[in-house]
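The residues making up each chain are set out below.
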Amino acid sequence: MSCSCTSSSTQEELQQEVMDKINNHPCYSEGAHQHYARIHVAVAPACNIQCNYCNRKFDCSNESRPGVTSAKLSPEDAVKKVLYVGGDIQQLSVVGIAGPGDALANPKKTFDTFRMLHEKAPDQKLCLSTNGLRLPDYIDEMVKYNVDHVTVTINSVDPTGEIGAKIYPWVHWNHEKVFGAEGAKILLEQQLKGIKMLTERGILVKANSVLIPGVNDKELVNVAKKLKELNVFLHNIMPLLSKEEYGTYYGLNGQASATDQEVMAAQEACGMDMKLMSHCRQCRADAVGLIGEDRGEEFTPDVFQNMSWEELQTQYNMEARAKKHEVIENWRAALDAANDRIKIEQASKQELSSTGETKLVAVTTAGEGTVNLHFGNATEFLIYEVGDKAIKFVMHRKVENAYCKGPEDCDGSYPIEEIKNTLKDVDILLTEKIGGCPQDELKSINLISDDSYALQPIEKSVFAAAQKYFFANESKSEKELG
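Residues numbered from 1 in each chain as written. Predicted model: local features only at pLDDT ≥ 70, side-chain atom pairs only at ≥ 80, totals over all residues. Heavy atoms only, no water.

Pulling in residues and values, what's your account of the packing of helix 2 (residues 75-88) against helix 11 (residues 309-316)?
Contact geometry of helix 2 with helix 11 gives a least axis separation of 7 Å together with a crossing angle of 35°. In this structure, helix 2 meets helix 11 at a crossing whose hand is left-handed. Across the interface between the two elements, Glu76, Val79, Lys80, Val82, Leu83, Tyr84, Gly86, Gly87 and Asp88 of helix 2 pack against Trp309, Leu312, Gln313, Gln315 and Tyr316 of helix 11. The residue makeup of the contact of helix 2 with helix 11, split by class, is seven nonpolar, four polar and three charged. (Axes fitted to C-alpha atoms, helices over the stretch in contact; angles between N-to-C directions. Helix = DSSP H or I, 4+ residues; strand = E, 2+ residues; numbered from the N terminus. Left-handed = near helix turned anticlockwise from the far one by under 90°. Contact = heavy atoms within 4.5 Å. Nonpolar A, V, L, I, M, F, W, Y, C, P; charged D, E, K, R; others polar.)

Tell me what's going on with the nonpolar core, and back it up with residues and numbers.
Ranked by internal contacts, the top residues of the largest apolar core, which has 83 residues, are Phe114, Leu135, Met142, Val150, Phe375 and Phe381. At six residues, the largest contribution of residues to this core is made by helix 2. Those residues in contact with valine 150 that sit more than four places away from it in its chain are Tyr28, Leu128, Thr130, Leu135, Met142, Leu198, Ile203, Leu204, Val205 and Lys206. Listed in part, the 19 residues of the second largest apolar core include Val363, Ile391, Ile428 and Ala466. (Core = buried A, V, L, I, M, F, W, Y, C linked by side-chain atoms within 4.5 Å. Buried < 20%, exposed > 50% of the residue type's maximum accessible area, 1.4 Å probe, protein only.)

Summarise the sheet that holds strand 14 (residues 391-398); cite the residues concerned and give the values.
Pairing in this open sheet of five strands is mixed, and the strands run 14-13-12-15-16 from one edge to the other. Every other strand in the sheet has two partners, leaving strand 14 and strand 16 (448-450) as the edge strands with one partner each. Looking at each pair of strands side by side, their axes are set apart by 25° on average, direction ignored. Note: strand 12 (residues 359-363) against strand 15 (residues 428-430), three bridges, orientation parallel. Residue pairing in the sheet places valine 363 in a bridge with leucine 430 of strand 15. (Pairing = 2+ DSSP bridges.)

Describe the packing of aromatic side chains, listing the residues and the values that go with them.
One pass over the structure, following the stated rule, counts seven aromatic pairs. Ring centres of tyrosine 84 and phenylalanine 299 lie 6.2 Å apart, and the angle between their planes is 65°; this geometry places the pair in the edge-to-face category. Of this pair, tyrosine 84 sits in helix 2 while phenylalanine 299 sits in the loop between strand 11 (288-290) and helix 10 (301-304), and the two are 215 residues apart along the sequence. A residue is classified by how much of its surface remains accessible, and phenylalanine 299, at 3% relative accessible area, is buried. Taken together, Phe111, Phe114 and Tyr138 form an aromatic cluster joined through their ring pairs. The residue whose ring lies beneath lysine 120 is tryptophan 309, and the NZ or CZ to ring-centre distance is 4.6 Å. (Phe/Tyr/Trp six-rings, centres within 6.5 Å; stacked < 30°, edge-to-face > 60°. Lys NZ or Arg CZ within 6 Å of the ring centre and 35° of its normal.)

Provide a residue-level description of helix 7 (residues 220-229), including the pertinent values.
The periodicity of an α-helix, 3.6 residues per turn, causes residues three or four places apart in sequence to face the same way. Three or more residues of helix 7 are buried, namely Leu220, Val223, Ala224 and Leu227. Projected down its long axis, helix 7 carries its buried residues within an arc of 100°, all on one side. Buried residues belonging to helix 7 abut strand 8 (204-211), strand 9 (234-239) and helix 9 (260-270). Remark: asparagine 231 follows helix 7 within two positions and exhibits a positive phi of approximately 65°. (Arc of directions from axis to C-beta.)

So what's going on with helix 3 (residues 107-120)? Which residues, and what values?
The terminal C-alpha atoms of helix 3 lie 20 Å apart, and with 14 residues this matches the ideal 20 Å at 1.5 Å per residue to within 8%. When helix 3 is considered as a whole, its buried residues turn out to be Thr110, Phe111, Asp112, Thr113, Phe114, Met116 and Leu117. Taken together, the buried residues of helix 3 touch helix 2, strand 3 (92-97), strand 4 (125-130), helix 4 (139-144) and strand 5 (147-153). (Expected span 1.5 Å × (residues − 1).)

Could you give an account of unusual backbone geometry, with specific residues and numbers?
Residue proline 100 is reached from glycine 99 by a cis peptide bond, and omega for that bond is 15°. Mapping proline 100 onto the fold places it in the loop between strand 3 and helix 3. Phi angles above zero are rare outside glycine, and asparagine 174 is one such case at about 55°. Position of asparagine 174 among the secondary structure elements: in the loop between strand 6 (170-173) and strand 7 (176-179). One non-glycine residue with positive phi stands out, namely asparagine 446, at about 60°. One can find asparagine 446 in the loop between helix 15 (436-443) and strand 16. You can call asparagine 446 exposed: its relative accessible area is 66%.

None of the figures reported here should be taken as evidence of function without further support.
Here it is, written out as structure tokens:
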């Protein structure tokens, strides 16, 4: 007879505590990301390691990736921005410090910001992102200000440091640069020590890993196993972005970016051990809005900088924000009922399909859980894997250019090849509206496009469309789904 030190009621309470923490956190909950917004405040410009995939760019508005920001903020201006944005975007629920350097390489600025936010915007969840080098030093400060979500970027657990040396040229440790494998070993030791300390204190940890083809692609399975041992909550596998114009070491030296298919393969391999985050957008250090959109240009410092604290607290309006969140939760409950719980987060093909056969379905959406975006306006697609039993969300895929350039210029003259390449392995596209010309183009890659599910719940529509076009139990499924 086996015994447990924790009663079932206590375990249920702990589980409920975790669910409460992630319910309206768009990064930690896939279900929340189409309903709640986040803001990153760029108060942390310095960094204490060098990564071959990173190039921090300031005063940059034309790139969307980590390490990029249009303006660095003081802690005071960061809090003013949160109050202003939180009044305008009432579904704002999370404030994160994600650079453009490392939050814990700038501890005074980071924790001054959190201290003021803790006082002036107590309904916000507080997050930080770090490489982990200084993580063990600041656990108590995080607890003090109720920072209960921490993201650690960890790309290798190779104890020799050889893989890490290919990713990190140096780390800054004890007032000097430590190069190569020795630096990578120091970084790993600090990461593992810090993550253990966080989880022991009840702080939720998300681990980011950058998939670098030919460098750590085989290593990520080992990373996932170690993360599970450390009770990490979520593992986010992100593709390397290495275009030459980004100016990174990898980009300038011909290292290939990771493809969507390589990311899917890594997710499948790592998902056996860890719960995965599949909806990451690799956001800028000054991102504002729903995941997948960036409204940062609307909230430049001149908008809020000269407002008084009294004006900003009035703008923030805690009561109105609470009412907005109540409306969102009611809508989410209605969506859950409509979707009939047909989604399984970490499903195998056998759990999705009675035969092991699955299909990929892409969706265009502007958020709120419905098929509510025209194909011509889409710059990203949500990808679901579907069988005859259930569905799971797999990833999002971005394109640089929408099919239409604007409302006055949507004649199909814009290249569609990028979209076709992005969706080349997808079987069905669900969209609010699509014209005959792009439909014909997509047929050339055997992609079925369907706008008959416009404004309907995404998950129900994805499942119903797959049954309609591919699976033998079509009539039964559509009848059951109403």
